[in-house]
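Per-entry structural report
Chain residues, written in single-letter form:
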Amino acid sequence: MSHIETDLIHKGREFNDSKAVVTPIYQTSTYYADDDLKEYIIAATEPKNPNFYHRHGNPTNSQAAAVISSLEKTEDALVLATGMAAISNAILAVVKAGDHIVTQNSLYSGAMLFFKEFLLEYGVEVSHVDQKDNNAIEGAIRPNTKLIYIETPSNPNLDITDMEFVSSIAKKNGIITMADNTFASPINQTPADFGIDVVVHSATKYLGGHSDLTAGVVCGSKEFIQKVWRRSLVLGGSLSPFDSWLLLRGLKTLSMRVKQINSNALALAKFFESHPAIKYTGYIGLESHPQNKLAQKQMRGGTGMLCIEVIGNTEDLAYKNAQHILDKLEIFANAASLGGVESLVVHPASMWGSHHDKAQKSTSGITSGMLRISVGIEHIDDLIADFDHALKDIKL
Ligand SMILES: *Cc1c(COP(=O)(O)O)cnc(C)c1O
């Protein structure tokens, strides 16, 4: 067995049938038929065949999928055009009308929309529970529950779900488990180690790592990935050859990037923890994190994601203080997304106004003074200096 760092560089090399060290971009929609027609029929019908038509497969996509499935310790993987394509195709490979899903109160906003609007209209019922509460998760299971869908750590307030517990109650009840591993990345967490069946990612984030592509990936057993592939044939959403080439390139440095990001984020979290203008610092790597014990059990690093709560005696003032900080920061850019080499910051209370009403904001833990930070690989002294300056004249 080779190590993650080696697999990131070498896995899936068999899909590169050229002499080029770097896998070529197969920028083609279709492929010449084999002289042997029997072979061509196999190419047309075999799942993920990389030499028939792009919606079926592509050599660069196969190589990217091979690297990621080895990181996630699953048999197989399928790359798609976005994280949401991965999530929706994977869920639709499990449930049909009349089925029931158990999931969390806090989820990525796109996944939340899929559960609350789309699936409901197609006759799938969904229960949302507090992910920190194992009893609530178990209690929500019904005879027609087919899927437990978790996101850990979750967006935006970094709560975590007990993966070993979830997979054990699911197995007892014949239910499939699926985890969104985007925030942790496979460097910090391997859900398969705790018995989770399917892992999904927005590869747009840490896996790609340079904010220059969108991609998604579903990891699972060979049989399950074939099911997802069949959905993707009709729903579309194949990953473009150029984007999968960028993804492969980004993956090579995943381990180095995430280790640097973990270390920067921990140092920044410690700075926030002792700063008088910060009321609360939410970082999984801090001992003060309420779920630090569980984090230590199932994670190898704290990730680059942290959330802070700025002081302010009223909701209004906290909101204004958060906006003031965004205004003053120079290195941290105010932009959606996360997981890139550059540090980003967002103010969830203003950004998700259109997705969440007031009650939803409060059940998903979004407060007026909260800032969500994605730490990059810049020098830590510069990152701390940027916040030190921005926090200078914050008012109570
Ligand atoms: C960004 C994100 C997604 C969606 O990914 P896209 O590539 O934008 O479609 C899903 N889950 C999490 C946790 C994310 O951060």
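Parameters and conventions
The written sequence of each chain sets the order in which its residues are numbered from 1. The predicted origin of the model limits local features to residues at a pLDDT of at least 70 and limits the giving and counting of side-chain atom pairs to 80 or more, whereas totals for whole chains, interfaces and linings rest on all residues. With hydrogens and water stripped out, all remaining heavy atoms of the structure feed into the side-chain values. Each helix is a run of DSSP H or I of at least 4 residues and each strand a run of E of at least 2, with the numbering of both proceeding from the N terminus. The classification of residues rests on relative accessible area computed with a 1.4 Å probe and restricted to protein chains. Under 20% of the type maximum is buried, over 50% is exposed, and intermediate values are partly exposed. Nonpolar cores were defined as sets of buried Ala, Val, Leu, Ile, Met, Phe, Trp, Tyr and Cys residues, with membership established by side-chain atoms within 4.5 Å. Segmentation into domains, and thus their bounds, comes from an automatic or database assignment. Whether two residues are in contact is decided by their heavy atoms, any of which lying within 4.5 Å being enough. In short, DSSP must find at least two bridges between two strands for them to pair. Looking down the strands as they point away from the viewer, one classifies a crossover as right-handed if the path from the first strand across the helix to the second runs clockwise. Once two parts are put together, the accessible area they lose, assessed with a 1.4 Å probe and summed over both, is termed the buried area. Salt bridges are defined by distance alone: a side-chain nitrogen of Lys or Arg within 4 Å of a carboxyl oxygen of Asp or Glu. Here a polar contact is recorded for every N or O atom pair within 3.5 Å, except that within protein the pair must consist of a potential hydrogen donor and a potential acceptor, and residues adjacent in sequence are included only if both atoms are side-chain atoms. Residue classes follow a fixed rule: Ala, Val, Leu, Ile, Met, Phe, Trp, Tyr, Cys and Pro count as nonpolar, while Asp, Glu, Lys and Arg count as charged, and any other residue, Gly among them, counts as polar. Axis angles are defined between N-to-C directions and span 0 to 180 degrees, where every axis is a line fitted to C-alpha atoms and, for a helix, only to the segment in contact.

1. Brief notes about unusual backbone geometry
Negative phi is the rule for most residues except glycine; trans is the rule for most peptide bonds. Omega for the bond connecting Thr152 with Pro153 falls within 30 degrees of zero, at -5°, which places this linkage in the cis form. Relative to the elements of secondary structure, Pro153 occurs in the loop between β4 (145-151) and α7 (163-172). Despite not being glycine, Lys73 shows a phi value in the positive range, around 55°. The topology assignment puts Lys73 in the loop between α3 (59-71) and β1 (76-80). A relative accessible area of 51% places Lys73 in the exposed class.

2. Quick look at the nonpolar core
Ranked by internal contacts, the top residues of the largest apolar core, which has 37 residues, are Ile68, Val79, Leu207, Leu247, Leu251 and Leu254. Counting residues per element, the ones that place at least two in this core are α3, β1, β7 (216-220), α10 (241-251), α11 (254-273), α12 (292-298) and β9 (305-310). Looking at this core element by element, the count peaks at 5 residues for α3. Of the domains in this structure, domain 1 (4-251) and domain 2 (257-390) are the two that each give at least three residues to this core. Ignoring sequence-local partners within four residues, the contact set of Leu254 consists of Leu8, Leu71, Pro186, Ile187, Tyr206 and Leu207. Grouped together as the second largest cluster of nonpolar side chains are 30 residues, Ala93, Leu147, Val218 and Val228 included.

3. Structural notes on the pairing of β4
Of all 7 residues making up β4, 6 are buried, and the element is well covered by its neighbours. Note that strand β2 (residues 100-104) and β4 share 3 bridges and pair parallel. Looking at the pairing, Val102 lines up with Ile148 of β4. Both β4 and strand β5 (residues 176-180) contribute to a ladder of 5 bridges, which runs parallel. From the neighbouring strand, Tyr149 faces β5, where its bridge partner is Met178. The parallel pair β4 and β5 is bridged by α7, and the resulting crossover is right-handed.

4. Focus on the environment of Leu158
If you trace the backbone, Leu158 turns up in the loop between β4 and α7. Residue Leu158 is classed as buried on the basis of its relative accessible area of 2%. Along the sequence, Leu158 and Gly174 sit 16 residues apart, while their C-alpha atoms lie 28 Å from each other. Excluding its chain neighbours within four sequence positions, the residues that come into contact with Leu158 are Pro153, Phe183, Gly282, Ile284, His289, Met305, Leu306 and Cys307.

5. Points about the domain arrangement of the protein
Domain annotation of the protein identifies domain 1 (4-251) and domain 2 (257-390). Using C-alpha coordinates to define each centre, domain 1 is positioned 27 Å away from domain 2. Taken together, the contacts link 39 residues of domain 1 with 39 residues of domain 2. Roughly 3100 Å² is buried in total at the junction of domain 1 and domain 2, and carbon and sulfur atoms are behind 55% of that figure. In this assembly, domain 1 and domain 2 are joined by 3 salt bridges. We note a salt bridge from Lys297 to Asp162, for which the minimum N-O separation is 4.0 Å. Counting the contacts that link domain 1 with domain 2 gives 19 residue pairs in polar contact (both at pLDDT 80 or more). Every element with two or more residues in the side of domain 1 that touches domain 2 is listed here: α5 (109-121), α7, α8 (185-188) and α10. The greatest single-element share of the side of domain 1 that touches domain 2, amounting to 4 residues, is contributed by α8. By residue class, the composition of the side of domain 1 that touches domain 2 is 14 nonpolar, 17 polar and 8 charged.

6. A closer look at the sheet that holds strand β10 (residues 333-334)
Ordered by their spatial adjacency, 5 strands build an open sheet running β8-β9-β12-β11-β10, and the pairing between neighbours is mixed. What marks the edges here is a single partner per strand, and that holds for β8 (278-282) and β10. Bridging between strand β11 (residues 344-346) and strand β12 (residues 370-374) involves 3 bridges; their strand directions are antiparallel. Across the sheet, residue Val345 finds its bridge partner in β12, namely Ile373. Strand contacts of helix α13 (residues 315-328): β9, β10, β11 and β12, with the helix running at about 130° to β9, the strand carrying the most contacts.

7. Some details on the sheet that holds β5
Hydrogen bonding along the main chain pairs the strands of a sheet, whether they run parallel or antiparallel. In space, the 7 strands of this open sheet follow the order β1-β7-β6-β5-β4-β2-β3, with mixed pairing throughout. The strands lining the two open edges of the sheet, one partner per strand, are β1 and β3 (125-129). On average, adjacent strands in this sheet sit at an angle of 20° to one another, irrespective of strand direction. Inspection of the sheet shows strand β6 (residues 198-202) paired to β7 by 4 bridges, in the antiparallel sense. If you follow Val199 over to β7, its bridge partner there is Cys219.

8. Structural notes on the environment of Ser18
For Ser18, the location among the structural elements is in the loop between α1 (4-10) and α2 (37-45). Sequence separation of Ser18 and Asn105 is 87 residues, and the distance between their C-alpha atoms is 48 Å. There is a polar contact of 2.7 Å between the side chain of Ser18 and the side chain of Asn16. At a separation of 3.1 Å, a polar atom in the side chain of Ser18 contacts the main-chain amide nitrogen of Ala20.

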